[in-house]
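# Summary of the model geometry
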Amino acid sequence: QVQLIESGGGLVQAGGSLRLSCAASGRIFSNYAMAWFRQAPGKEREFAAAISWSGGSTTYADSVKGRFTISRDNAKNTVYLQMNSLKPEDTAVYYCASSQQVRRSVPTMSVYDAWGQGTQVTVSS
């Protein structure tokens, strides 16, 4: 059973930066695509960023493109989300997800079958 543990969330002012980390165990990490999703209060969970098994391909939601960068270190079984130029509308619980169905950077929630517990990101104006 795969386990995903996120860290790095917190409170930051608008325009600031945060880096989220997601440590994985229990699955051959390097074989699978990874992604970050987020859920704001009162809203549905939405896609933020995804990365292919090798790290060679990434996909971003339009709302974060140019500000967020997803990366992975397969030697450390860890995926990262570098978030720059943060806006109040980025406030959400951020979830790390792993897929054993695909290896490409797919933005579709249904292909991700393992999820972390989430980490809160709050951006103040």
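Everything that follows concerns the structure shown earlier in this document.
Read on for an overview of the structure. Bear in mind the structure is a predicted one, so any value in this text is a computation, not a measurement.

Turning our attention to the overall build of the protein chain. The number of helices and strands found in the protein chain is zero helices and eleven strands. Listed by position from the N terminus, the elements making up the protein chain come as β-β-β-β-β-β-β-β-β-β-β. Compactness check: the protein chain gives a C-alpha radius of gyration of 13 Å against a globular reference of 14 Å for 125 residues, within 12% of the reference. Expressed as a percentage of its 125 residues, the buried residues of the protein chain come to 47%.

Attention now moves to the pairing of strand β8 (residues 78-83). Residues in a regular strand project their side chains so that they alternate between the two faces of the sheet. For β8, the tally of buried residues reaches five of six residues, placing the bulk of the element in the interior. Of the strand pairs in this sheet, strand β3 (residues 18-25) and β8 are connected by six bridges, and their pairing is antiparallel. Across the sheet, the residue bridging to A23 is T78, located in β8. Hairpin geometry of strand β7 (residues 68-73) and β8 is characterised by an intervening segment of four residues between the two adjacent antiparallel strands and by a positive phi of about 50° at N77.

Our focus in this paragraph is the state of the cysteines. As enumerated under the stated definition, the model contains one disulfide in all. The residue that forms a disulfide with C22 is C96, at a sulfur-sulfur distance of 2.1 Å. Handedness here is read from the sign of the S-S torsion; for C22 and C96, about -80°, the answer is left-handed. You can see C22 sitting in strand β3 and its partner C96 sitting in strand β9 (residues 92-98), a full 74 residues away along the chain. For the pair shown, C22 and C96 are each scored as buried.

We now examine the environment of R19. Mapping R19 onto the fold places it in strand β3. For R19, a relative accessible area of 47% corresponds to the partly exposed category. As a C-alpha pair, R19 and T119 span 100 residues in sequence and 11 Å in three-dimensional space. Every residue in contact with R19, bar those within four places of it in the chain, is listed here: S7, G8, Y80, L81 and Q82.

The next subject is the side chain of S52. Within the secondary structure layout, S52 lies in the loop between β5 (46-51) and β6 (58-60). If we ignore the near neighbours within four places in the chain, the residues touching S52 are A33, S57, R72, R103, R104 and S105.

Looking at the secondary structure, you find E6 in strand β1 (residues 3-7). Here E6 sits buried without a salt bridge, and the closest side chain of opposite charge, R45, lies 7.5 Å off (N-O distance). At a separation of 3.0 Å, a polar atom in the side chain of E6 contacts the main-chain amide nitrogen of Q117. A distance of 2.9 Å separates the side chain of E6 from the backbone nitrogen of G118, its partner in a polar contact. Look past the residues within four positions of E6 in its chain and what remains in contact with it is S21, C22, W36, Y94, Y95, C96, G116, Q117, G118 and T119.

Turning to the pairing of β3, a few remarks are in order. Sheet analysis places β1 next to β3, joined by five bridges and oriented antiparallel. Note that in β3 the partner of S7 across the bridge is S21.

Parameters at a glance
- Residues numbered from 1 in each chain as written.
- Predicted model: local features only at pLDDT ≥ 70, side-chain atom pairs only at ≥ 80, totals over all residues.
- Heavy atoms only, no water.
- Helix = DSSP H or I, 4+ residues; strand = E, 2+ residues; numbered from the N terminus.
- Rg over C-alpha atoms; globule rule 2.2 N^0.38 Å.
- Buried < 20%, exposed > 50% of the residue type's maximum accessible area, 1.4 Å probe, protein only.
- Pairing = 2+ DSSP bridges.
- Disulfide = S-S within 2.5 Å.
- Contact = heavy atoms within 4.5 Å.
- Lys, Arg positive; Asp, Glu negative; His and termini not counted.
- Salt bridge = Lys/Arg side-chain N within 4 Å of Asp/Glu carboxyl O.
- Polar contact = N/O pair within 3.5 Å; in protein donor to acceptor, adjacent residues only side chain to side chain.

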